[in-house]
Amino acid sequence: MSVGQTVVLSISILLILTVIIQILMNFIRNKRVVKHIEQVINDFQSAELAEKYQHLKEITLSGSSLITFNNWEKVYLDLESRSVELLEKNHKVSQTTNHFRLLTANSLLIDLKQAVFEAEQDVEDVELVFNQLINANSESEKEIEQIYDKYAEMRKDILSKSYNYGQTINFLEDYLLGLENKFSEVKKLNSAGNHIETHRLLSYLRLQLNLLAQKLPRIKKSYEKLSKKLPQQVKEIADDYQHLLSQNYQFSNVNVETLIDNLNASVNQANQQLNQINLDEVENSIDNVNNKMMEIEQILENEINAKKFVIDFQRRLSEQFEKVSLANSNLMDLLVHIDQSYILTNDEITESGYIGSEISQMKNDFDLDIQNIEKESPVYSEIKADFLRINQRLDEISSRQREIEQDIEGLTEAEKVAQQSVQEMHLNLNMLKRKLDRYKLPGYPARFIEYYKLVEAEIEKIYDELNQVKIDMKQISDDLILAQQDLNKLTTDSENILATSELTEIAVQYSNKYIQDNKNINQAVKKAYQLYNQEFDYEGALDTIASALEKVEPGAYEKIEKDYYKGL
């Protein structure tokens, strides 16, 4: 045998051994898988799952729970036949493997694995549903017991303390009976296995018990107020009112008896609302009763306080009447006397007469209030309001009397001031005239002379007004102001005349050095002389010479003016 033949033979042997090994490994793996699948299939029919199924068969289910169980019971029973079928297929795979028909065995094994996987999922789902149904039944029983214990405790507390709820106990007993019936219903549903409806009804019962727990304190509180507190308070208000009537208190514009009757009616209405457990309405009614009681108490308290005020204030107001009446009488006498010497421009005498009449009318009102008190038929709150009104008006009158007195007492002083003022103006006017005369000007502008005469006439008018039998100080004061304003303006005009006349003379003298050689300066000097000596227009003369001089020597007039005012 050649070397080549030996190599070929060796390779062939190795390939054969490899195939044999793979076949053996595939055989072993298939046998192991078949054994595992057989165990899995046998587990489908576990005793534990069978017990759960039997338990659910024995208890009574209904409603959605029964429907759920019936649907999954079919799946559970179907698993028995499917298990037999799967075992047969598994046996076939085993037989095929034993005959080394491995390709066929592998193909069958793929389908078998998928079928076993699906069956295994169904087993898990069945077990999950069975557990849920069993647990639901157990949890419902515990929940029913817990909620019922709470109900029983509340029922015991309500019935043992029925005195806290008044007539509402009838409603509460009916309510508790309704809940008891619901508990009987929920127990039947749970026994029947209708867990969904059981949970719905348990949720309803839980809610009702919580609502009842919230209402009970409100019912107790409202009943306590309506049965004890409010009736007692209304009675106390009624007793207080009767006591005030016995002491001759009167009430106008309000019927207290009707208000008290309305209070009792409101309390009765609130009781009816409480019997129907309309708690929001009950609490609103109680608040309304409290507010109305406060209003009535305020009415009674106002009258009590008003009486104390009236008694305490009566003497003070009487004294104030005497004081203001005397002051007005004295003021009238003073006005009549002053009226002989001064003109009263604000009609003070008439105003004082009106004040006297008003005081008399208020005194009549005051006397009528006192009569009502003495006749034991007073409405003290109205008398208080009357006293306050009168007192405020008397204070205003007293203040006005002082203002009038100050005004008329100032007339004599104002006259002295006016005499001094007009004398000072007359003196200042004379001083102004003398100052102008010292300058020996050729004359004065016509406008200035007219204004001078106007001021002179205004001063003479004031002298005449001050020499009248009855002096009008208001008119004199107005004339003084006007005359002083005109005198101030006249003084300013006179100072302007003096300044412009002197500046004109200085400017002409300065221009003389140009008069021979400059025609414009020559003509300007002549024109300035004309305006100065014939027309007495000193401002015009100054403007004429200053303008001409500026053309010949710019800045010359500005220097003249600056030196002039600097030398003043």
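Throughout what follows, the structure given in this document is the object of discussion. In this text, all values refer to a predicted model and were calculated from it rather than measured experimentally.

**Details of the overall build of the chain**
Argument step 1. Along the backbone of the chain there are 15 helices and zero strands.
Argument step 2. A fraction of 78% describes how many contacts in the chain between residues 6 or more apart in sequence connect residues 24 or more apart.
Argument step 3. Accessible surface, the chain as shown: approximately 34200 Å² in total, 51% of it carbon and sulfur.

**Some words on the packing of helix 9 (residues 348–374) against helix 10 (residues 380–438)**
In helix packing, the relevant descriptors are the interaxial angle and the interaxial distance, both defined with respect to the helix axes.
Argument step 1. Running from amino to carboxyl end, helix 9 crosses helix 10 at an angle of 160°, the nearest separation of the two axes being 11 Å. Compared by their axis directions, helix 9 and helix 10 come out roughly antiparallel. In the crossing of helix 9 with helix 10, the sense of the turn from one axis to the other is left-handed. Taken together, the residues of helix 10 that come into contact with helix 9 (itself represented by Glu348, Glu351, Ile355, Glu358, Ile359, Met362, Asp365, Phe366, Asp369, Ile370 and Ile373) are Tyr380, Ile383, Asp386, Phe387, Arg389, Ile390, Arg393, Leu394, Ile397, Arg400, Gln401 and Ile404.
Argument step 2. Tallied by class, residues from the contact of helix 9 with helix 10 come to 13 nonpolar, one polar and nine charged.

**Looking at the packing of aromatic side chains**
Aromatic ring pairs are reported here in terms of the distance separating the ring centres and the angle at which the planes meet.
Argument step 1. With the rule as written, the count across this model stands at eight aromatic pairs.
Argument step 2. Relative to Phe313, the ring of Phe309 lies with its centre 4.9 Å away and its plane at 15°, an arrangement referred to as stacked. Note that Phe309 and Phe313 are positioned in helix 8 (residues 279–339) at a spacing of four residues, about one turn of the helix.
Argument step 3. Overall, Phe309 belongs to the partly exposed group, its relative accessible area being 22%.
Argument step 4. One aromatic cluster is present, built from ring pairs that chain together Phe321, Phe366 and Phe387.
Argument step 5. The ring of Phe309 carries the charged tip of Lys384 above its face, separated from the ring centre by 5.4 Å.

**Comments concerning the pattern of salt bridges**
Argument step 1. Across all of its chains, the model carries 19 salt bridges by this definition.
Argument step 2. Glu283 is the partner of Arg218 in a salt bridge, and the nearest nitrogen-oxygen pair spans 2.8 Å. With Arg218 in helix 6 (residues 195–246) and Glu283 in helix 8, this pair connects stretches of sequence that are 65 residues apart.
Argument step 3. Asp312 serves as the salt-bridge partner of Lys308, at 3.2 Å between the closest nitrogen and oxygen. Taken together, the residues Lys308 and Asp312, both in helix 8 and four residues apart, mark about one turn of the helix.

**Points about the side chain of Glu348**
Argument step 1. Looking at the element boundaries, Glu348 is found in helix 9.
Argument step 2. In this structure, Glu348 is buried with no salt-bridge partner, the nearest side chain bearing the opposite charge being Arg400 at 5.7 Å.
Argument step 3. When near neighbours in sequence (up to four residues on either side) are disregarded, Glu348 contacts Leu335 and Ile404.

**So, the environment of Glu456**
Argument step 1. Looking at the secondary structure, you find Glu456 in helix 11 (residues 446–466).
Argument step 2. Taking the C-alpha atoms as reference points, Glu456 and Met425, 31 residues apart in sequence, are found 9.4 Å from one another.

**Considering the environment of Asp339**
Argument step 1. Secondary-structure assignment places Asp339 in helix 8.
Argument step 2. Given the relative accessible area of 25%, Asp339 is considered partly exposed.
Argument step 3. Placed 132 residues apart in sequence, Asp339 and Ile471 show a C-alpha to C-alpha distance of 9.3 Å.
Argument step 4. Not counting chain neighbours up to four residues away, the residues in contact with Asp339 comprise Leu344, Ile349 and Lys470.

**Things to note about the nonpolar core**
Argument step 1. Counting residues in hydrophobic clusters, the biggest one holds 59 residues, and the most contacted among them are Ile158, Leu172, Leu226, Leu300, Leu317, Phe321 and Phe387.
Argument step 2. Elements represented by at least two residues in this core include exactly helix 4 (102–160), helix 5 (168–191), helix 6, helix 7 (256–275), helix 8, helix 9 and helix 10.
Argument step 3. Ignoring sequence-local partners within four residues, the contact set of Phe321 consists of Ile359, Met362, Lys363, Phe366, Ile390 and Leu394.
Argument step 4. Core analysis: the next-biggest nonpolar cluster, separate from the first, contains 43 residues, Ile404, Met425, Ile476 and Val508 among them.

Reading guide: rules and limits
- Residues numbered from 1 in each chain as written.
- Predicted model: local features only at pLDDT ≥ 70, side-chain atom pairs only at ≥ 80, totals over all residues.
- Heavy atoms only, no water.
- Helix = DSSP H or I, 4+ residues; strand = E, 2+ residues; numbered from the N terminus.
- Contact = heavy atoms within 4.5 Å.
- Areas by Shrake-Rupley, 256 points an atom, 1.4 Å probe, with all protein chains shown as cover.
- Axes fitted to C-alpha atoms, helices over the stretch in contact; angles between N-to-C directions.
- Parallel < 35°, antiparallel > 145°, perpendicular 65-115°, else oblique.
- Left-handed = near helix turned anticlockwise from the far one by under 90°.
- Nonpolar A, V, L, I, M, F, W, Y, C, P; charged D, E, K, R; others polar.
- Phe/Tyr/Trp six-rings, centres within 6.5 Å; stacked < 30°, edge-to-face > 60°.
- Buried < 20%, exposed > 50% of the residue type's maximum accessible area, 1.4 Å probe, protein only.
- Lys NZ or Arg CZ within 6 Å of the ring centre and 35° of its normal.
- Salt bridge = Lys/Arg side-chain N within 4 Å of Asp/Glu carboxyl O.
- Lys, Arg positive; Asp, Glu negative; His and termini not counted.
- Core = buried A, V, L, I, M, F, W, Y, C linked by side-chain atoms within 4.5 Å.

The analysis is restricted to geometry; functional conclusions fall outside its scope.
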